[in-house]
Amino acid sequence: MTTRECYELMGADYEDVLGRLMTEKLVKKFLYKFADARDMEELKSSLAAKDYDTAFRMAHNLKGVCANLSITRLGASSSELCEELRDGKYTDQVEPLLATVLADYEATLEAIGKLQAEEG
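Residues numbered from 1 in each chain as written. Predicted model: local features only at pLDDT ≥ 70, side-chain atom pairs only at ≥ 80, totals over all residues. Heavy atoms only, no water.

Draft legend 1. Highlighting the confidence of the model for the chain. Looking at the chain, the pLDDT average stands at 96 and 99% of residues meet or exceed 70. Within the chain, the element-level pLDDT minimum falls on helix α4 (residues 39–48), averaging 96, and the maximum on helix α6 (residues 72–85), averaging 98. (pLDDT = per-residue confidence, 0-100. Helix = DSSP H or I, 4+ residues; strand = E, 2+ residues; numbered from the N terminus.)

Draft legend 2. Representation of the pattern of salt bridges within the structure. Evaluation of the coordinates by the stated rule reveals eight salt bridges. With a shortest N-O distance of 2.5 Å, Glu119 and Lys28 are connected by a salt bridge. Highlighted residues: Glu119 in helix α7 (residues 94–119) and Lys28 in helix α3 (residues 24–36), separated in sequence by 91 residues. Assessed through its relative accessible area of 44%, Glu119 is described here as partly exposed. Note that Glu41 is salt-bridged to Lys44, the shortest N-O span being 3.5 Å. Residue Glu41 and its partner Lys44 are located together in helix α4, separated by three residues, close to a single helical turn. A relative accessible area of 32% places Lys44 in the partly exposed class. In the salt-bridge network here, residues are joined through shared partners; they are Glu24, Lys28 and Glu119. (Salt bridge = Lys/Arg side-chain N within 4 Å of Asp/Glu carboxyl O. Buried < 20%, exposed > 50% of the residue type's maximum accessible area, 1.4 Å probe, protein only.)

Draft legend 3. Representation of helix α2 (residues 14–21) in the model. Turning to α2, its buried residues number three or more, namely Tyr14, Val17 and Leu21. Projection of α2 onto a plane perpendicular to its axis shows the buried side chains occupying an angular sector of 70 degrees, all on one side. Considering only its buried residues, α2 is in contact with α1 (3–9), α3 and α5 (52–69). For α2, the N-terminal capping position is held by Asp13, with its side-chain oxygen 3.3 Å away from the main-chain nitrogen of Glu15. One or two residues past the end of α2 sits Met22, with phi positive at roughly 80 degrees. (Arc of directions from axis to C-beta. Contact = heavy atoms within 4.5 Å. Polar contact = N/O pair within 3.5 Å; in protein donor to acceptor, adjacent residues only side chain to side chain.)

Written out as structure tokens, the structure reads:
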């Protein structure tokens, strides 16, 4: 799988990230760092603990990283969750938005995992 194919699989914009980071090597470096990050675990645990300020920060971080790496599908869903949590309050929209973020996150990690596996 090529990096371009990975981006297509995860619903992301390869040309945009390549224009920003300039080399495929850098794109891969930051994709692999993204896959190893634990922000999603902190997002889920902060929601479970009803720490909505931390949950907001984690959703905001995720949105920002996705913007920098042009991971558009996950970026869009994390942006919606971020906005829902912006006031530090829980609403009935948080759980469905989180479910979408988790599905997009898993699809993103799966695509990155395939790229890594083929690199060997």
